[in-house]
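Structural characterization, general
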Amino acid sequence: MNLTFNNKTALVTGAGRGIGRSIAEELGYLGVTVICVSKSESSCKSAADAIIKNGGEATFRSVDVADSKAVEVACKSLLEEFTNIDILVNNAGIVKDGLVLRTSVSDWDNVIQTNLNSCFYWVKNLVHPMARKRWGRIINISSVIGLVGNAGQASYAASKAGIIGLSKSLAKEFASRTITVNTLAPGFIETDMTSRLDERTKDSIANLIPLRRMGKPDEIAKMTAYLCSEEASYITGQVFTIDGGMVM
Ligand code: NAP
């Protein structure tokens, strides 16, 4: 299917590596101007450089998404440079694994701030121009762990479940402005986040997946691009699980 974008601009958080990088590159390839955001300048710059090298348009900003003030400042300057940011992909995320009784308050706060509160900060600062233009797409990246929970990942699960509640509420609030809001819930995807699992754990994970393998970032990026396109105009408030059939 050919996807239609009509000169749109997208901001992708966590665009430096893994799933976010693949989403940024896919949107760039499809003719969307991409603002690549990540924590370190080297990673978001390399994502923007790759898009430009491939013939697309991109820029980059290093922003700590967990810092509400930093997000506000970045959005102000970006909205001066780009009159509209039409598409927002909240993808940046971290894990701090540990049983709940051994989780420190600072680790808990860090995960919730980075994964969940950040989505609220970016939406709050970018939604007004979308509302004025009566067009917008917001994609929030959750996880299957947000649907089913996981021992040793309570903070991560809580942050990812929170994203689902946030997204459904935003979908209802912004529908009258033709802004759609959808959530993706990936299963195990081959990125730096999962590369630290040992081979035995990877094998036992693959055995839980009907398609018998981990997913690739590109398989999340394709779905994200579709949901950002004109063709997905009647889809909002949904959670799409992309996990090789692991959670049914
Ligand atoms: P990753 O390879 O670890 O990359 C994470 C990206 O997020 C990096 O670009 C990183 O920036 C950025 N980031 C982290 N903290 C940030 C902060 N405070 N401020 C700005 N940027 C920050 O992760 P991934 O596996 O691609 O995961 C991407 C998203 O998918 C996450 O939300 C994750 O929870 C979700 N997810 C992943 C999986 C999986 O199996 N991989 C499964 C389900 C859901 P730097 O490059 O500067 O470090």
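Right above here is the structure, for reference.
Residues numbered from 1 in each chain as written. Predicted model: local features only at pLDDT ≥ 70, side-chain atom pairs only at ≥ 80, totals over all residues. Heavy atoms only, no water.

Re the sheet that holds strand 1 (residues 9–13)
In space, the seven strands of this open sheet follow the order 3-2-1-4-5-6-7, with parallel pairing throughout. Single-partner strands in this sheet number two, and they are strand 3 (58–62) and strand 7 (239–242). Here the average twist between neighbouring strands, direction ignored, is 15°. The pairing of strand 1 with strand 2 (residues 33–38) spans five bridges and is parallel. Opposite Leu-11, over in strand 2, you have Ile-35 as the bridge partner. Running at roughly 175° to strand 4 (residues 87–90), helix 4 (residues 105–133) makes contact with strand 1, strand 2, strand 4, strand 5 (136–141) and strand 6 (179–186) of the sheet. (Pairing = 2+ DSSP bridges. Helix = DSSP H or I, 4+ residues; strand = E, 2+ residues; numbered from the N terminus. Axes fitted to C-alpha atoms, helices over the stretch in contact; angles between N-to-C directions. Contact = heavy atoms within 4.5 Å.)

A short note on the site of the ligand
The immediate surroundings of the ligand are formed by 30 residues, with Ser-40, Ser-43, Asn-91, Tyr-156 and Thr-191 found nearest. Between the ligand and Val-63, the relevant distance is 3.3 Å, taken from a nitrogen atom to a main-chain nitrogen or oxygen of the residue. The separation between an oxygen atom of the ligand and a polar main-chain atom of Gly-187 is 3.4 Å. With the chains in place, 93% of the 900 Å² that the ligand exposes on its own is no longer accessible. More than half of the atoms of the ligand fall within 2 Å of the grid points belonging to the largest pocket. Of all the secondary structure elements, the ones that give two or more residues to the shell around the ligand are helix 1 (18–29), helix 6 (154–174) and helix 7 (192–195). Counting residues per element, the shell around the ligand draws most heavily on helix 7, which supplies three residues. Across the shell around the ligand, the residue classes tally to 11 nonpolar, 14 polar and five charged. (Near = heavy atom within 4 Å. Polar contact = N/O pair within 3.5 Å; in protein donor to acceptor, adjacent residues only side chain to side chain. Areas by Shrake-Rupley, 256 points an atom, 1.4 Å probe, with all protein chains shown as cover. 1 Å grid on protein atoms, 1.4 Å probe; cavity = no way out; pocket = protein on both sides within 12 Å on 5 of 7 lines; lining within 4 Å. Sits in = over half its atoms within 2 Å of the grid points. Nonpolar A, V, L, I, M, F, W, Y, C, P; charged D, E, K, R; others polar.)

A few points about the layout of surface pockets
Quantified by volume, the largest pocket comes out at close to 1,100 Å³. The wall of the largest pocket is formed by 46 residues, among which Gly-93, Ile-94, Val-95, Thr-191 and Met-193 lie closest to the centre. Residues of the lining of the largest pocket, tallied by class, amount to 19 nonpolar, 20 polar and seven charged. (Points joined across faces, edges and corners; volume = space filled by probe spheres on them.)

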